[in-house]
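The primary structure of each chain is shown beneath.
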Amino acid sequence: MAVVWTLAAAATLVKLLFIPGYRSTDFEVHRNWLAITHSLPMRKWYTEDTSEWTLDYPPFFAAFEFLLSCVAQFFDAQMLIVNNLKYASERTILFQRLSVIFTDFVYFYAVNEFYKNRLLFAGKNLRRMDSQPAIIPALLIFNVGLFIVDHIHFQYNGILFGILLLSLVRITQNRVLEGAFWFAVLLNMKHIYMYVAPAYFVYLLRSYCFTGTGPVLWRKFSIGRFASLGAVVGAVFVMSFGPFIYFQQIGQVLSRLFPFKRGLLHAYWAPNFWALYAVCDKVLTVSAVRLGLVGADRVASAAMTGGMVQEYSFVVLPDVPPIVTMMVTVIAMMPSLYSLWVSKDKVSFVRSVVLCAYTSFLFGWHVHEKAVLLMIIPMTLLVIYDQHYAKMYLILCVTGFYSLFPLLFTPFENVLKVLMLLQSAIFAFLALNSVHSPTPAKFSRAALNRLFKPLSCLQLPFLNVPESLYVLGLVPLGVGNSAGLWLLGADRRLPFLPLLTTSVYCSLGVLYSWLLLYRAALADIRAVSVVSGQGEARGQRVKDGVQGKKQL
Amino acid sequence: MFEIMAASTSKRFGFSNEFFSQLFLIFLASLTIRVGVAMWGHSGEGKPPMFGDFEAQRHWMEITVNLPFKEWYVDTPNNDLQYWGLDYPPLTAYHMMLNGKIAQHVNSSIVALHESRGIETPQVKFFMRATVIVMDALLFLPSAAAFFMLEGSGKRDEASILKRIMVLVGYPGLVLVDSGHFQYNSISLGLVVLASSALTRGFDLVGAFLFCLSLNYKQMELYHALPFFAYLFGSCIRQTNPSKGLFKFTMLVLVVAITFIALWSPFLHSVDSALAVVHRLFPVKRGLYEDKVANFWCSVSILIKFKEMLSQAAMAFVCLATTAVFLLPSFFHLLMNPNMKNFHYASINSSLIFFLFSFHVHEKTILLATIPACLVVARDPFIVLWFLQISVFSMLPLLLKDGLLIPVIATTLLFWIILHYYLRPTEGIRRELKLIFQMSILGAVGVSLVFLLVKPPVRYPDLFTLLIAIYSCAHFMMFAVYFHARQFGSSLTKFIFAADAAKKRDDYEDDKISSPRSSVQNVEQRNFNLRSRKRK
């Protein structure tokens, strides 16, 4: 326990140092919300539009801002005036920064709950966890993404992920109603967590509402459990949206929460499938123009000006409407949910949460690059469980953190992000290496091994040679994107190029680690169907699953 | 770096690959802290017309890059010595010239003659900060690692070497003064640490050379000159063969002379120009102490007003005499017993005595005592860490002026947490002493809180600053006594440790730490080898 709080204290002190750092417009967004919630009655919260940064988070987050504003007035009451746009006095900055730092204690509490209960571990895994107790807390607490997004860029993800972790911990503790309550609260604070809601739904339905072991039968369905679960979740939603239904503003609120007027891609492309799609379009366009198939005027009107345009239309490939992204996401999610339905143990649940986040991230509409944390943080819980998860985590966290780099572009912060990523990557590799001590990864085909032999000096633990080259390739990519373009004088002409190369390069890593994780989940289905009928312990089955995957 | 971790068990320089990975992590972490502190304010930010040390260093870049050598240290129409005239030795000037040349490539307005005075843009700030942090990465951090890696021999305990390195590179005092307030102390101090590592391994000539560089970077390094001299000269006269001793001495003189002549060559064309530099380096006209310093004279000033009783010159003489008298014991002891343990303690003692008793002392000067103290952290973890914490406390008023309150809190607590987690300095300490230690730290925290929160009475605006000075001074005197006792051979274990821990400690003291290959032994061993070979 002391471990977690020591790490938390150290992290908090480092965060204090970042107070004078760069702040994005999100700082002004949250200041504006403080002002709105503090100085206007509730019925005006979702109609107020003096600032362009209107309130577009669900009601509980607005309530959270209202609570903060009660403290804020003692720092500087000026920041709570709605018309005081872009107000950033020293005390305002101090207050807002400190509010993020302090609310992170929810996150620390959740990490400590996870650490104390050691829920996902048993037998060999538990021994592994106890031999290196600080690893998972350290990876969670010193998560570079949270440092970049919350403490420099400025957002409140710490408390939100704290609630997510807490709900995961409670559910794995079999305190299911509490877990469901926290997740419902979380959904009402930031609706992006809907990404992982399907996993919650399936897991709670299968392992809570259907009681007993063995095959699923209707007579095993507990209506009492289902009703209590529904009551808890329903009550939270009523608490949150009730007032706005009463004000007859529910349509207005929902239109704020789901602005489908935004484009397929966010300003900085998140490293997902659509980034690859967009690049394919770009490549095809250029070649089509060269071949004279498409007129240059059409290209100009759809120009890709730095990826900064909110509305983006493709030239060669068909445009993608929101409904298509939604369908692709649902279809891609289905097998993983089926796997959860079949395996229905706690590890599969956490893995399924990660997979849902992955799938929504890869195929969703207008995904923010920051959403990559939604995979990285729950995934961290699995790194000790199995060395294949450790491997996927390493690929994901390095590429995911790297994909956040475009968020920071001022000199000091540029240095900081590089230092922090290097530290976190080296620490993760060292720590997980000491836990699992994996043998150097090899291909099953001897020819491939021979092919990559000369490069084996670059091989990283857990990864085979091409994977290692991909991860190490981030170094030349980073150098090229900053120093290289500057030296070539291309940084002015092609301002979008670093963003484009970053998101394309990272999307490959994210997609690849998603496939690896998906394969593990599907292998689990097979393993379960093989051993079903035998009353074996779940842990054993999962291990078999991993073995089954190895043979794939 | 990564290939190292790929499970190969080979060792480099006698250290495992994991050691290097962890060392690299420590470097990255300490650089992160430095960059974090660097985002905060610096001395004289937004305070025209004189600004502060930040502007001084930038101004020196402007001067050295735009004017010929002969104008650097003299008052000319282009070089107004009243505005931050260059008063550091030539090596600093060359370094500033190098920085200035780089600045011209980045943006020539940073060092434009006359026009750039008081320039404060984000770009200038980043550039200046970068010059400090890059030199930390290139010089100070590697020197710190080198010292602890070279110290001792035989079976090494990698984990504790890493912990010692962590103390030296994480010491908040240096980080806050260099990356916060703005100075380049880590260069001169890094050179001293490197010189010490050379001495540890018996490379005395290299050590002398490195120390000359350090002295020519910052004249304040004279505080360390006596120990270096005593150690090197002592090792000459203690040589079993007098002619060997004489030879070594001649070589040392040559190294020192050549280094100095090379560095001073642009100013040696006439006696006047050399004297001009000397006068800039040692201005006797300044006061007894600047601001409120935690030294002896400032502390007794509440009782006796020396400043009013004695003239400037008389006071300077009194200071000189007291300092000299107190310096002698440690000096002669080292001269007679030149080994590394004595050398380290003598370095601390010499700089502490200078700090406490000499003329015109600056509060930052305590760094000259704390950095050598970090080098003996393995021998005296408890007292050294106590000393380090109090030293940061003594600089609080200075750091606060630069708006560094939050960095001070953050770095000190971070250092504290890391040390207590890894080093456990209070383990096995006698109960009474632990209690005194706790009271002392609580007292420091209390005084800091009063200093921060309570408005001083109108009649005594400096009351709390003076309180901090006196509180720290009392501690420094106590530490000076302790470190002298340590130098003179008392292990003081009974005084420090509880009975059961004392026994264990004594073994630790003699076997593991005292470097078995002090240079004298080294040379004697070599001589013996030669002799025996001849006999064959």
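Since the structure is predicted, the reported quantities are computational estimates derived from the model, not experimental observations.

1. Concerning the overall build of chain A
Broken down by element type, chain A carries 25 helices and zero strands. Intrachain contacts of chain A at a sequence separation of at least 6 include 75% that bridge at least 24 residues. Surface exposure of chain A reaches about 22,700 Å², of which carbon and sulfur atoms provide 67%.

2. Concerning the pattern of salt bridges
Within this structure, the stated rule accounts for 17 salt bridges over all chains. Notably, a salt bridge pairs Asp524(A) with Arg351(A), separated by 3.0 Å at the nearest N-O pair. Placement of the pair is Asp524(A) in helix α24 (residues 497-531) and Arg351(A) in helix α16 (residues 346-363), with a sequence separation of 173 residues. Of the two residues, Asp524(A) and Arg351(A), both sit in the buried class. In this structure, Asp380(B) and Arg486(B) form a salt bridge, with 2.9 Å as the shortest nitrogen-oxygen distance. Here Asp380(B) is found in the loop between α17 (367-375) and α18 (381-394), whereas its partner Arg486(B) is found in helix α22 (residues 463-487), with 106 residues between them in sequence.

3. Topic: the interface of chain A and chain B
On the side of chain B, 32 residues touch chain A, which itself brings 32 residues to the contact. Both faces considered, chain A and chain B share a buried interface measuring about 2,900 Å² in area, 87% of it formed by carbon and sulfur atoms. The interface formed by chain A and chain B includes zero salt bridges. Linking chain A to chain B there are two residue pairs in polar contact (both at pLDDT 80 or more). Residue assignment for the side of chain A that touches chain B shows that the elements contributing at least two residues are α1 (2-17) and α19 (411-436) of chain A. The dominant element in the side of chain A that touches chain B, judged by the number of residues it contributes, is α19(A), at 14 residues. In terms of residue class, the side of chain A that touches chain B is built from 26 nonpolar, five polar and one charged.

4. Re the nonpolar core
The biggest cluster of nonpolar side chains holds 293 residues, and the ones touching the most others in it are Tyr171(B), Leu352(B), Phe387(B), Phe476(B) and Phe483(B). Top element by residues in this core is α19(A). It accounts for 13 residues. Excluding its chain neighbours within four sequence positions, the residues that come into contact with Phe476(B) are Ala294(B), Leu352(B), Phe355(B), Leu356(B), Ile366(B), Phe387(B), Ile390(B), Ser391(B) and Ser394(B).

5. Looking at the packing of helix α10 (residues 225-237) of chain B against helix α11 (residues 242-264) of chain B
Residue and element names in this part refer to chain B. Two numbers describe how α10 lies on α11: the axes approach to 7 Å, and their chain directions differ by 150 degrees. With respect to α11, the element α10 is oriented roughly antiparallel. In contact with Leu 232, Phe 233, Ser 235 and Cys 236 of α10, α11 contributes Gly 245, Lys 248, Phe 249 and Leu 252.

6. What about the side chain of Glu28(A)?
Residues and elements named next belong to chain A. For Glu 28, the position within the fold is in helix α2 (residues 25-39). In terms of polar contacts, Glu 28 uses its side chain to reach the backbone amide nitrogen of Lys 86, at 2.8 Å. If we skip the residues at most four places from it in the chain, Glu 28 touches Trp 53, Leu 85, Lys 86 and Tyr 87.

7. Quick word on unusual backbone geometry
Residues Pro48(B) and Pro49(B) are joined by a peptide bond in cis, for which omega reads 5 degrees. Following the sequence through the fold, Pro49(B) ends up in the loop between α2 (17-38) and α3 (53-66). The residue Phe154(A) is not glycine, and still its phi comes out positive at about 90 degrees. Summarising the element assignment, Phe154(A) is placed in helix α7 (residues 144-154). Backbone geometry at Arg424(B) places phi at a positive 45 degrees, although glycine is not the residue there. Residue placement: Arg424(B) occurs in the loop between α20 (405-422) and α21 (431-453).

8. A short note on the environment of Thr365(B)
All names here are of chain B. Inspection of the secondary structure puts Thr 365 in the loop between α16 (340-357) and α17. Sequence-wise, Thr 365 and Asn 185 are 180 residues apart; in three dimensions their C-alpha atoms are separated by 9.6 Å. Not counting residues up to four positions away in its chain, the partners in contact with Thr 365 are Met 220, Tyr 223 and Phe 355.

9. Structural notes on the packing of aromatic side chains
Counting across every chain of the model gives 76 aromatic pairs over all chains. With a centroid separation of 5.1 Å and an interplanar angle of 90 degrees, the aromatic rings of Phe147(B) and Phe148(B) are classed as edge-to-face. This pair shows no difference in class: Phe147(B) is buried, exactly as Phe148(B) is. One residue, Lys15(A), lies across the ring of Phe147(A), its end atom 5.6 Å from the ring centre. Geometry around Tyr208(A) places Arg225(A) over its ring, the cationic atom sitting 4.6 Å from the centre.

Rules used in this analysis
Residues numbered from 1 in each chain as written. Chains lettered and ligands numbered in written order. Predicted model: local features only at pLDDT ≥ 70, side-chain atom pairs only at ≥ 80, totals over all residues. Heavy atoms only, no water. Helix = DSSP H or I, 4+ residues; strand = E, 2+ residues; numbered from the N terminus. Contact = heavy atoms within 4.5 Å. Areas by Shrake-Rupley, 256 points an atom, 1.4 Å probe, with all protein chains shown as cover. Salt bridge = Lys/Arg side-chain N within 4 Å of Asp/Glu carboxyl O. Buried < 20%, exposed > 50% of the residue type's maximum accessible area, 1.4 Å probe, protein only. Buried area = accessible area lost by both parts, 1.4 Å probe. Polar contact = N/O pair within 3.5 Å; in protein donor to acceptor, adjacent residues only side chain to side chain. Nonpolar A, V, L, I, M, F, W, Y, C, P; charged D, E, K, R; others polar. Core = buried A, V, L, I, M, F, W, Y, C linked by side-chain atoms within 4.5 Å. Axes fitted to C-alpha atoms, helices over the stretch in contact; angles between N-to-C directions. Parallel < 35°, antiparallel > 145°, perpendicular 65-115°, else oblique. Phe/Tyr/Trp six-rings, centres within 6.5 Å; stacked < 30°, edge-to-face > 60°. Lys NZ or Arg CZ within 6 Å of the ring centre and 35° of its normal.

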